[in-house]
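Understanding the architecture of this molecule
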Amino acid sequence: MRKIEKAESRITIAVVAIAVIILAVAMIYLVSYQRALPVSPQTSTPTPTKAPITGKRLPHDDSNKTVYVTLVTHHESEIKQEGGEKCEGIHIMFDGGKEGHYNFNGSSNGKLVIYIPAEWSLVVKYINEDDLPHSVGIIANNTPTPRSADPTKDGKLIAWAPDGKLGISGYKEGIGQGETTVMIATSIPKGVYWIACGVPGHAMSGQWIALVSSDTVTEPYYITA
Ligand SMILES: [Cu+2]
């Protein structure tokens, strides 16, 4: 019995010692944390700064607040070649052939992001060099990535080509190999959009890039991931 009592008292001492150590560490931590706090609170709010251009500049016209971009959907065989072409500002980023068919300038799944100042217009010359039909459209998306075969079900289509004035049938049908169309989107409100192909299933398969219209952008540019 005495042995058990002795053992119990040792355990009690050990527990108390551990508790004291934990408390001491907590006190030291609290004291050093308070010392790390600034002596006086900040009295001035930081002045808003315009974001510096982090990507590559895009051709644009300040007088009519318009950005000009050429997008090309490349055939798989072209994508397997080394990149190096330039499409009016946007350097084509080939991605190891993974984005055969479903790409814009070799990019897919939002890896190309175009930044424009809020309320500016965007003119996209779109060339289809692939053997599948494709189209181009700007969608104010409600889902992070395309979920529906028809991407207009994942958001609001605000501009598209071909068939810009006649309805959205052209957006779903697309243009054939070697054909060119032009999409004009005027005064794009600030927000984040997809530029996606409207041919059923293509956006879901990765044929979309991103467009950001923002107050903090002073000069249009793009980045690629
Ligand atoms: Cu397509």
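As a reminder, the structure under discussion sits directly above these lines.
Within any chain, residue numbers begin from 1 and follow the written order of that chain's sequence. The predicted origin of the model limits local features to residues at a pLDDT of at least 70 and limits the giving and counting of side-chain atom pairs to 80 or more, whereas totals for whole chains, interfaces and linings rest on all residues. Heavy atoms from the whole structure form the basis of all side-chain values; hydrogens and water molecules are not counted.

Within the protein one finds three helices and 13 strands. With a 1.4 Å probe rolled over the protein chains alone, any residue whose accessible area is under 20% of its type maximum counts as buried; one over 50% counts as exposed, and the rest are partly exposed. Counting all 225 residues of the protein, 41% fall into the buried class. Any two residues whose heavy atoms approach within 4.5 Å at even a single point are treated as in contact. Sequence-distant contacts in the protein: of pairs separated by 6 or more residues, those separated by 24 or more amount to 71%. A 1.4 Å probe and the Shrake-Rupley method give the accessible areas. Residues count as covered only by the protein chains that appear here. Surface accessibility of the protein: about 13100 Å² in total, with carbon and sulfur atoms responsible for 59%. Only DSSP runs of H or I covering at least 4 residues are called helices, and only runs of E covering at least 2 are called strands; the numbering of each starts at the N terminus.

It is worth spelling out the coordination of the copper ion at this point. Protein-derived ligands of the copper ion are His 134 (ND1), Cys 197 (SG), His 202 (ND1) and Gln 207 (OE1), with the metal-ligand distances lying across 1.9 to 2.2 Å. Nitrogen, oxygen and sulfur within 2.8 Å of a metal are treated as its donors, or within 3.2 Å for sodium, potassium and calcium (Na, K, Ca); water is not counted, so a site can appear incomplete. Between 85 and 135 degrees for all angles marks four donors as tetrahedral; over 155 degrees for opposite donors together with 65 to 115 for all other angles marks four donors as square planar and six as octahedral; every other arrangement is irregular. Seen from the copper ion, its four donor atoms lie at angles of 94 to 136°, and the figure they make is irregular. Sequence positions of the residues that donate to the copper ion give the spacing H-x62-C-x4-H-x4-Q. Among the residues examined, Cys 197 registers a relative accessible area of 0% and is labelled buried. On the basis of relative accessible area, His 202 is assigned to the buried category, the value being 7%.

Let us look at the sheet that holds strand β10 (residues 180–185). One open sheet holds the four strands; their spatial order is β2-β3-β7-β10, and the pairing between them is mixed. A strand with exactly one partner marks an edge of an open sheet, and here the two such strands are β2 (60–61) and β10. What makes two strands pair is DSSP finding at least two bridges between them. Both strand β3 (residues 66–73) and strand β7 (residues 121–128) contribute to a ladder of eight bridges, which runs parallel. Paired with Tyr 68 across the bridge in β7 is Val 123.

This part covers the sheet that holds strand β11 (residues 191–196). Here seven strands make up an open sheet; going across it, the order is β1-β13-β6-β12-β11-β8-β9 and the pairing mixed. What marks the edges here is a single partner per strand, and that holds for β1 (56–57) and β9 (155–161). Looking at chain direction, strand β6 (residues 112–117) and strand β13 (residues 221–224) are connected through four bridges and run antiparallel. Looking across to β13, one finds that Tyr 115 is bridged to Tyr 221.

With that settled, the discussion passes to the nonpolar core. Grouping buried Ala, Val, Leu, Ile, Met, Phe, Trp, Tyr and Cys residues that are joined through side-chain atoms within 4.5 Å yields what is termed a nonpolar core. Residues Leu 71, Ile 114, Leu 122, Ile 138, Ile 195 and Leu 211 are the most contacted members of the largest nonpolar core, which totals 27 residues. Listing elements by their share of this core, those giving two or more residues are β3, β6, β7, β8 (136–141), β9, β10, β11 and β12 (208–214). In this structure, Ile 195 is in contact with Leu 71, Phe 104, Ile 114, Leu 122, Val 136, Gly 137, Ile 138, Gln 207, Trp 208, Ile 209 and Leu 211, ignoring residues within four places of it in sequence.

For the rest of this paragraph, the subject is the environment of Pro 144. Mapped onto the secondary structure, Pro 144 falls in the loop between β8 and β9. For Pro 144, a relative accessible area of 62% translates into the label exposed. In sequence terms Pro 144 and Tyr 193 are 49 residues apart; their C-alpha atoms lie 9.8 Å from each other. With residues up to four places along the chain from it excluded, the contact list for Pro 144 reads Trp 194 and Trp 208.

Once that is clear, we can look at the packing of aromatic side chains. The description of an aromatic ring pair rests on the distance of the ring centres and on the angle between the ring planes. Any two rings among Phe, Tyr and Trp, with Trp reduced to its six-membered ring, count as a pair given centres within 6.5 Å; such a pair is stacked if its planes are under 30 degrees apart, edge-to-face if over 60, and tilted if neither. Summed over all chains, the structure comprises three aromatic pairs. A centroid spacing of 5.8 Å and a plane angle of 50° characterise the contact between Trp 194 and Trp 208, whose relative ring orientation is tilted. With Trp 194 in strand β11 and Trp 208 in strand β12, this residue pair connects regions lying 14 residues apart in the sequence.

Two side chains bearing opposite charge may form a pair once their charged atoms approach each other closely. The term salt bridge refers to a side-chain nitrogen of Lys or Arg lying within 4 Å of a carboxyl oxygen of Asp or Glu. Per the counting criterion, the structure on display carries three salt bridges. Taking the shortest distance from any N to any O, the salt bridge between Lys 190 and Asp 215 comes out at 2.7 Å. Taken together, the residues Lys 190 in the loop between β10 and β11 and Asp 215 in the loop between β12 and β13 connect sequence positions 25 residues apart. According to the relative accessible area criterion, Asp 215 is partly exposed, its value standing at 44%.

That is the geometry; function is a separate question.
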